[in-house]
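Residues per chain, in single letters:
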Amino acid sequence: MALAVAIVGSGTQVSAHHSTANYDYSKTVTLVGTLKKFQWTNPHSFLQVIVTDAKGKQVEWSVESGSPGLARRLGWAPEMFKVGDKLKIVLAPIRTGETKGTLKSVTLPNGKTLFGPGNQGELPNDLGLPTLKKSGQ
């Protein structure tokens, strides 16, 4: 009986997390805009950014990033973001064509670049993240 409960319970947890298949990782969109809101929340953080489109219209983009735990490991802190900041954002767009995407990187007003989960594991070598030694090293 305990085994059945464990299997059912674990299936519920696994299905609770959504897929990232809704983003087109073969495409990259670069935005320059003004931070409207920063949500440092689980399970994903979000940047709401106002961008001027090609027609001169103000458009809001919703940019999904990782969890606060992941962001901290990548060098983020919530106080780095202030409403009104001018940001350069690189993202993988959502497949529906809406003004949404998953973050590859964001460049802050001070020139510091932070990375998000949209990089799909392709982070620069100079981040200084801890790594595990391979056996035999």
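Owing to the predicted nature of the structure, the values given are computational and were not obtained by experimental measurement.

Visitor: What's the story with the pattern of salt bridges in this structure? I'm lost.
Guide: Per the counting criterion, the structure on display carries four salt bridges. We note a salt bridge from D24 to R95, for which the minimum N-O separation is 4.0 Å. Here D24 is found in the loop between α1 (2-16) and β1 (29-39), whereas its partner R95 is found in the loop between β4 (86-93) and β5 (100-107), with 71 residues between them in sequence. We classify D24 as buried; its relative accessible area is 11%. Where K100 meets E98, a salt bridge forms, and the shortest distance between an N and an O atom there is 3.6 Å. Overall, the relative accessible area of 38% leaves E98 in the partly exposed class.

Visitor: Please clarify how the confidence of the model for the protein should be interpreted in this entry.
Guide: Of the residues in the protein, 72% have a pLDDT of 70 or more, and the chain-wide mean is 81. A low-confidence stretch, residues 1-16 (pLDDT under 50), is modelled with zero contacts involving residues beyond four sequence positions or located in other chains.

Visitor: Looking at this structure, how should I read the side chain of S105?
Guide: With respect to the helices and strands, S105 occurs in strand β5. For S105, a relative accessible area of 11% translates into the label buried. If we ignore the near neighbours within four places in the chain, the residues touching S105 are K88, I89, V90, T113, L114 and F115.

Visitor: Explain the nonpolar core to me, please; I cannot follow it from the model alone.
Guide: What tends to happen in soluble globular proteins is that the nonpolar side chains get buried as a cluster. Among the nonpolar cores identified, the biggest contains 20 residues, and L47, W76, F81, I89 and V106 are the most heavily contacted of them. Once residues lying within four places of it in the same chain are set aside, the contact partners of I89 are V29, T30, L31, L47, V49, V63, L103, S105 and V106.

Visitor: Any chance you could explain the pairing of strand β2 (residues 46-52) here in plain terms?
Guide: Regular strands have side chains that alternate between both faces of the sheet. Here β1 runs beside β2; their pairing, made up of six bridges, is antiparallel. If you follow Q39 over to β2, its bridge partner there is F46. Counting the residues in the hairpin turn of β1 and β2 gives six residues. When β2 meets strand β3 (residues 58-64), the two strands line up antiparallel, connected through seven bridges. What sits directly across from V51, in β3, is V59. Once β2 ends, the chain turns through five residues before running back antiparallel as β3, passing G56 with a positive phi of about 85°.

Visitor: I'm lost on the packing of aromatic side chains in this one. Help?
Guide: Two aromatic rings are characterised by how far apart their centres lie and by the angle between their planes. This structure, assessed with the given rule, holds five aromatic pairs. Measuring from ring centre to ring centre gives 6.5 Å for Y23 and Y25, while their planes differ by 70°; the resulting arrangement is edge-to-face. Both rings, one in W76 and one in F81, keep their centres 5.2 Å apart while their planes meet at 35°; by these two values the pair is tilted. With respect to class, W76 is no different from F81; both count as buried. Members of the aromatic cluster, each reached through a chain of ring pairs, are F38, W40, W76 and F81.

Parameters at a glance
- Position numbers for residues count from 1 along each chain, tracking the sequence in the order it is written.
- Given that the model is predicted, a residue must reach a pLDDT of at least 70 before its local features are reported, and side-chain atom pairs must reach 80 or more before they are shown or counted; all residues, however, enter totals for whole chains, interfaces and linings.
- Values reported for side chains reflect all heavy atoms of the structure, with hydrogen atoms and water molecules removed beforehand.
- One side-chain nitrogen of Lys or Arg within 4 Å of one carboxyl oxygen of Asp or Glu is enough to make a salt bridge.
- Counting from the N terminus, the helices are DSSP H or I runs at least four residues long and the strands are E runs at least two residues long.
- The classification of residues rests on relative accessible area computed with a 1.4 Å probe and restricted to protein chains. Under 20% of the type maximum is buried, over 50% is exposed, and intermediate values are partly exposed.
- By definition, pLDDT measures how confident the predictor is in each residue, and it falls between 0 and 100.
- Whether two residues touch is decided by their heavy atoms; if any such pair falls within 4.5 Å, the residues are in contact.
- Here the nonpolar core consists of buried residues drawn from Ala, Val, Leu, Ile, Met, Phe, Trp, Tyr and Cys, with membership extended through side-chain atoms lying within 4.5 Å.
- The rule for pairing is simple: two strands pair if DSSP sees at least two bridges between them.
- To pair, rings of Phe, Tyr and Trp, with the six-membered ring standing in for Trp, must have centres within 6.5 Å; the planes then decide the type, stacked if under 30 degrees apart, edge-to-face if over 60, and tilted in the middle.

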